[in-house]
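# A structural walkthrough
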Amino acid sequence: MSQSETVIEIRNLSKVYRDFWGRPKVRALNALSLDIKKGEVFGLLGPNGSGKTTTLKLLLGLLFPTEGEVKVLGKSAADVSKNERIGYLPEESYLYRFLNAYETLDFYGRLFDMTAAQRKERSEKLLDLVKLAPQSRRRQLKEYSKGMQRRIGVAQALINDPDLVMLDEPTSGLDPLGNRDMKDLILDLKAQGKTVLMCSHLLADVQDVCDRIAILYGGELKVMGRVDELLTAQDKTQIRSSKLSDAALKEVQEVLKRHDADFTVDQPTASLEDLFLKTVQESRERPGHRNVTDRQSVT
Amino acid sequence: MYFDPNEYLLNPVISVLNWAVVVGCLTFVVLFVSMINLFATRGAKGIGIFFDELGEMASDLFHLSPRRIWALTRLTYTEAIRRKALAVFVVFGLLFMFAGWFMGDTKEIKPDQVKVYISFVLTTISWLTLPVVLILCCFGIPEDIRLRSIHTVVTKPARRVEIVLGRMIGIWLIGCLVLSVMAVVGHFWIVRQIPAESQPLLTCRVPVYGANIEFIDREGNSARAGVNVGDIWAFRSYIEGATKARAIWIFKNVDESFLDSEGNLNFENSFSAFRSYKGDMTRPLFYDIKFFNPAKNLAYTTDPQPVNEFRHKLDKIPNKVTVDDVQYDILKDFVNEKKELLVEVSCIDREQYIGMARSDLFIRMPDRPFWMGYWKAILGISLTLLLITMIGVSASTMVKGPIAAVLTFVIYFLSLKDNHQFMDQLVFGRVEGGGFLESVYRLVMHMGPSQELPANPAFSVVKFFDWMLNNFLWLCRHVIPYSQYFNMPEFVSNGFDVPWDTSILPSLLVTSAFIIPCVLMGYFALRIRELESK
C-alpha cells in the first residue's frame, strides 16, 4: 500500500435512525463524503450528537448506512475480514469486566487467531506500553478506575498491531498525564506509518496530534482540511524572540508603528497542561519539594 | 404402574426422515423470517442483502477458527463462573442434606423405594441444571449487546457463527460441569441411602420386547384388543379367564444369546389383575404361558403361575422342556425359520381378567450394572441441556433476555410429552370439534363437537382459516422437539437399562437436527440487526 493510498473512503454516507415502527426519528448523518489516506492522523470533530460516533460505527459495520457507501482498507464495512487489520477503541470501556488485564488481552488475541506465545509476548509489551501497573494486571477490570480501563482499552485495540486504528474519544476519562501518554502513543503510531482515525470534542487534543480534521455539525460536514492550514491566521504575523531589553523593545515598536501595524506586546504564557506536566515531572525527580507562589494558599 | 418403551421405538429410516423434516422446517422458518425482516427494514435491496448474507455465511464456514470459538467458549465459561452460576450447588447440597428425612422408610415395598430414590436424584438434577442453563443461555448475548461488549468482539475477525457456537459450547460445558458434579454426588447418595436388602434391585434390566402383541377373543377369533374393563384411558387390554381369550407375543431374532448361564429363558411380566367378583382377595389370579410352533404343530404350556399384582414377576423357563415324554429344545423346536418365538398367555381363573400390554412381557437378558444406566440417564439430561442451550442462545440473538427465556421455556413446555401429544392430536385431526375458529364458534353456540355445521360460505372461510392454522401447527409440531426422546431417567428409575437404538440414537438425532437451524438463526439475527443497544 503506497503512502497516498486511500484507507477509508466514504461516499455520500447518510444514516437515519428509525423508531420501532420504522418511522424516521433522527438523521444522524447526511451525505458525508471524505477520504483518509494511509499514514495520516485524521480527526473527526464536532459537538455531541454531530454524528462522529455514528460515522465510526458505520465504518466498523456496527450500524448499516441508510444511503451511501463505505470502503475500509478497500473492503466493504460489512466484510469481517477487514477487521484483521483494524484496531478499535470504543467511546467507553465496553470490555468484559469480569476478566483481568491478561485475560482480556489473551481473549482478544485469540480472536485474531494468535498463538499462545504471540499473545503472551504482545500482552506484556502492550501492558508496558499503556503503562498499566504490574500489580493491577491480575485484578478484574470492574475494579479499575476509568483511566485504567481506558489504558487496557487501548491495549486491546492494538493487540493485532493494526494498520488502521479507530479511536473514539481516546482521551476521555484520562488525567493530564494519561492524556499526554495517549497523544504520544498516537504520534508514535503515526511514526510507525499507521493510519489513525479519532473522534473527539476535546479540540486541544485533536490540534496536537491530527494532520487533518473534519468538523461535523448536525450530521453534516462543515469543514475539512489540514490542521496547520485551517488554523493559520492569514491576516496576522507572529514574531517570537528571546526576552528583549526595554530599549530594543521600544525600537521594535517604533518600526511597527512606522508600518501602521496593529500590534500588542506581552510575554507568552505556557498552557496549563505544560505547567501540570512540568510540576509532576519535578515532583517525581525531587520528592517533598514544593514550589508555591500564591502566598494566600500557603496560609 | 406402567412403562411403555414402545413410544421410544423408532425405525432408523423414519428417524433420519424425521431429522430431515425438522432441519428442513426450522431452516425454512429461519430463512423466511430473516428475508422478511430484511425486506421490512431495508426495502427492496434487503432481498439482495439476504442473498449476499447467505453467500457470506457460506464463506464464513470456510474461515471458522477453532481458536476463536474456544476463546468465546472460555469467555462464556469464565463469565458464568465469576457471576456465581455455581451457587446452584448450595441448593443442591441443601436438598440432598435433608432429603433422607422425607424419604426414609418404604422398606416394605423395596422396588418402589429404589425407584423413588433414583427418580428423586435424577429429577432434582434435571430441575436444578435446566434453569441455570436457561438463564445463562438467554441472557449472555443480550447482556453483551446491552453493555456493548459485543462491539469489541464483532470489530475483531470473529465470525457471527463463531460467536453463536462459542456461546453454545461454553454454556453447555458449564451445564455439563454442574451436571457431572451433581451426578457423582447423586450416585453415591443413591448407593449409600438404599438399604442393603434393597441393593440387589439397584440394577439395569435389559429387556427384549415382543415385536407385537395380538389378541384372541373369548370365542377364539382374532381381535384388535382385549376387553376394556372400564378404564377411560386403557393402557392394558384384558383377557377373560377360562375362555379362548389369549394374548400372543411374537419375539424376533431369538437365539442362544437369550439364554442365561443356567440355560433358562427368563420371562418377566408385569400383568395386572381385574376381578369381576371379590372372592378370596388374598388368592392371586393365575395365568399360564404357552410356547407354540404351528409349523411343527408343537406346543408347551407352563404350570399355572400367580399374577404378582402391581409388581414384576420373573418366570425362568428351562430351554429343555418335556412334552408328552419327549424332550424338546425351545430354541431349536419352537423358534421358527424366521427366528420368531410365539408366546401365548391366558388367564386360568373363570370370570376374572388379566390385563397386559406389549411391554408387560419381555425376555430379560443378563442385567447391566446400575452405574451404566445411571450415566446414560445423565447423558440424556446433558442432551436436553444442549437442546435448551441451542434454542436459548439462538432466541437471545433476536430478542432481549427475559423474552428469550420465556420463549425457550414455552418451547420446552410444549415439548413435554402430554403437550406434544396434544399437538399431534390437533395436527392429525384426532380431536373432534374442528380447528381454532370452529371450536370457538361451537363453544359460543353451545354446539356439540359431532354436530354438523350448517352449509354456509362463512363456515367455509372459517374452515379455510383453521386449515391454515393447522398447517402452521404442523410446522410447530415438527419444529418443537419431543422431549420424551430425552427422558432416559425414566428407564433407569423403572429399573431398565437405557437402550441405544430406541433412546440414545433418537435423542442424538433430534439434538443434531437443531444444530444447523439454530446456528443459522443466530448468524442471521446477529448479521441483519444493528448491534447497537437502544
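Computed from a predicted structure; not experimentally measured. (Residues numbered from 1 in each chain as written. Chains lettered and ligands numbered in written order. Predicted model: local features only at pLDDT ≥ 70, side-chain atom pairs only at ≥ 80, totals over all residues.)

### Describing the overall build of chain B
The helix and strand tally for chain B stands at 15 helices and 16 strands. In terms of overall dimensions, chain B has a C-alpha envelope of 85 × 70 × 45 Å along the principal axes. Residues classed as buried in chain B amount to 36% of the 534 residues present. Restricting to contacts in chain B with at least 6 residues of sequence separation, those with at least 24 account for 81%. (Helix = DSSP H or I, 4+ residues; strand = E, 2+ residues; numbered from the N terminus. Buried ≥ 20, exposed ≤ 12 C-beta atoms within 10 Å, placed from the backbone. Contact = placed C-beta atoms within 7 Å.)

### Focus on the overall build of chain A
Regarding its fold elements, chain A presents 10 helices and 10 strands. For chain A, the spread of C-alpha atoms along the three principal axes comes to 70 × 50 × 40 Å. When each of the 299 residues of chain A is scored for burial, the buried share is 37%. A sequence separation of at least 24 residues applies to 68% of the contacts in chain A between residues at least 6 apart.

### Some remarks on the interface of chain A and chain B
Each side of the interface is counted separately: chain A has 24 residues, and chain B has 24 residues. At four residues, the largest contribution of residues to the side of chain A that touches chain B is made by helix α2 (residues 101-111) of chain A. Among the residues forming the side of chain A that touches chain B, the class breakdown is 17 nonpolar, three polar and four charged. (Nonpolar A, V, L, I, M, F, W, Y, C, P; charged D, E, K, R; others polar.)

### Thoughts on helix α4 (residues 146-157) of chain A
Residues and elements named next belong to chain A. Spanning 12 residues, α4 covers 16 Å between terminal C-alpha atoms, matching the ideal 16 Å at 1.5 Å per step. Burial runs high along α4: nine of the 12 residues are buried. Every buried residue belonging to α4 is among M148, R150, R151, I152, G153, V154, A155, Q156 and A157, and all of these are buried. (Expected span 1.5 Å × (residues − 1).)

### Topic: the pairing of strand β6 (residues 264-269) of chain B
Inspection of the sheet shows β6 of chain B paired to strand β11 (residues 313-318) of chain B by six bridges, in the antiparallel sense. In the sheet register, N269 of chain B faces β11 of chain B, and the bridge partner there is K313 of chain B. (Pairing = 2+ DSSP bridges.)

### Some points on unusual backbone geometry
Residue and element names in this part refer to chain A. The residue K131 is not glycine, and still its phi comes out positive at about 60°. With respect to the element layout, K131 can be found in the loop between α3 (116-129) and α4. Accessibility expressed as a C-beta count within 10 Å gives 12 for K131, which makes it exposed. One non-glycine residue, E169, adopts positive backbone phi at about 45°. When you line up the elements, E169 lands in the loop between β7 (164-168) and α5 (176-191).

### Concerning the sheet that holds strand β4 (residues 67-72) of chain A
All names here are of chain A. As summarised here, the arrangement of the four strands in space is β2-β1-β4-β5, forming an open sheet in which the pairing is antiparallel. Looking at the sheet topology across the chains shown, the edges are occupied by β2 (24-37) and β5 (75-76). Summarising the sheet, β4 and β5 pair through two bridges and their orientation is antiparallel. Bridge pairing links K71 to S76 in β5.

### With respect to the sheet that holds β11 of chain B
Residues and elements named next belong to chain B. Pairing is antiparallel in the open sheet, where four strands are placed in the order β1-β16-β6-β11. Each of the sheet's edge strands pairs with one partner strand only, and the pair in question is β1 (203-209) and β11. Here the average twist between neighbouring strands, direction ignored, is 45°. (Axes fitted to C-alpha atoms, helices over the stretch in contact; angles between N-to-C directions.)

### Focus: the confidence of the model for chain B
In low-pLDDT segments, the atomic positions of the prediction should not be examined closely. All names here are of chain B. With 95% of its residues at a pLDDT of 70 or more, chain B has an overall mean of 86. The spread of mean pLDDT over the elements of chain B runs between helix α4 (residues 88-102), the lowest at 76, and strand β14 (residues 341-347), the highest at 94. Both confidence scores are given for the complex: pTM 0.83, ipTM 0.83. (pLDDT = per-residue confidence, 0-100.)

### With respect to the nonpolar core
Counting residues in each nonpolar core, the largest one holds 152 residues, and the members touching the most others are L59, A155, M166 and V196 of chain A together with A377 and V492 of chain B. Looking at this core element by element, the count peaks at 15 residues for helix α5 (residues 110-146) of chain B. V196 of chain A has contacts with V41, F42, V165, L167, I186, L189 and K190 of chain A, leaving out every residue within four places of it along the chain. The next biggest cluster of nonpolar side chains, apart from the first, holds 33 residues, and it includes A247, F291, I354 and F362 of chain B. (Core = buried A, V, L, I, M, F, W, Y, C linked by C-beta atoms within 7 Å.)

### Considering the domain arrangement of chain B
The domains assigned to chain B are domain 1 (10-99 + 107-202 + 370-426 + 479-528) and domain 2 (236-356). Relative placement of domain 1 of chain B and domain 2 of chain B: their C-alpha centres are 44 Å apart. (Domains from an automatic or database assignment.)

### Side note on the confidence of the model for chain A
Of all residues in chain A, 93% attain a pLDDT of 70 or more, and the chain-wide mean is 86. Note on residues 295-299 of chain A: pLDDT is under 50 here. Beyond four places in sequence and across chains, it has two contacts.

### Looking at the packing of α2 of chain A against helix α3 (residues 66-82) of chain B
Put simply, α2 of chain A and α3 of chain B touch, their axes get as near as 7 Å, and they point 150° apart. By the angle between their axes, α2 of chain A is roughly antiparallel relative to α3 of chain B. Residues F107, R110 and L111 of chain A of α2 of chain A form the contact with α3 of chain B, whose own contacting residues are R67, R68, A71 and L75 of chain B. Across the contact of α2 of chain A with α3 of chain B, the residue classes break down as four nonpolar, no polar and three charged. (Parallel < 35°, antiparallel > 145°, perpendicular 65-115°, else oblique.)

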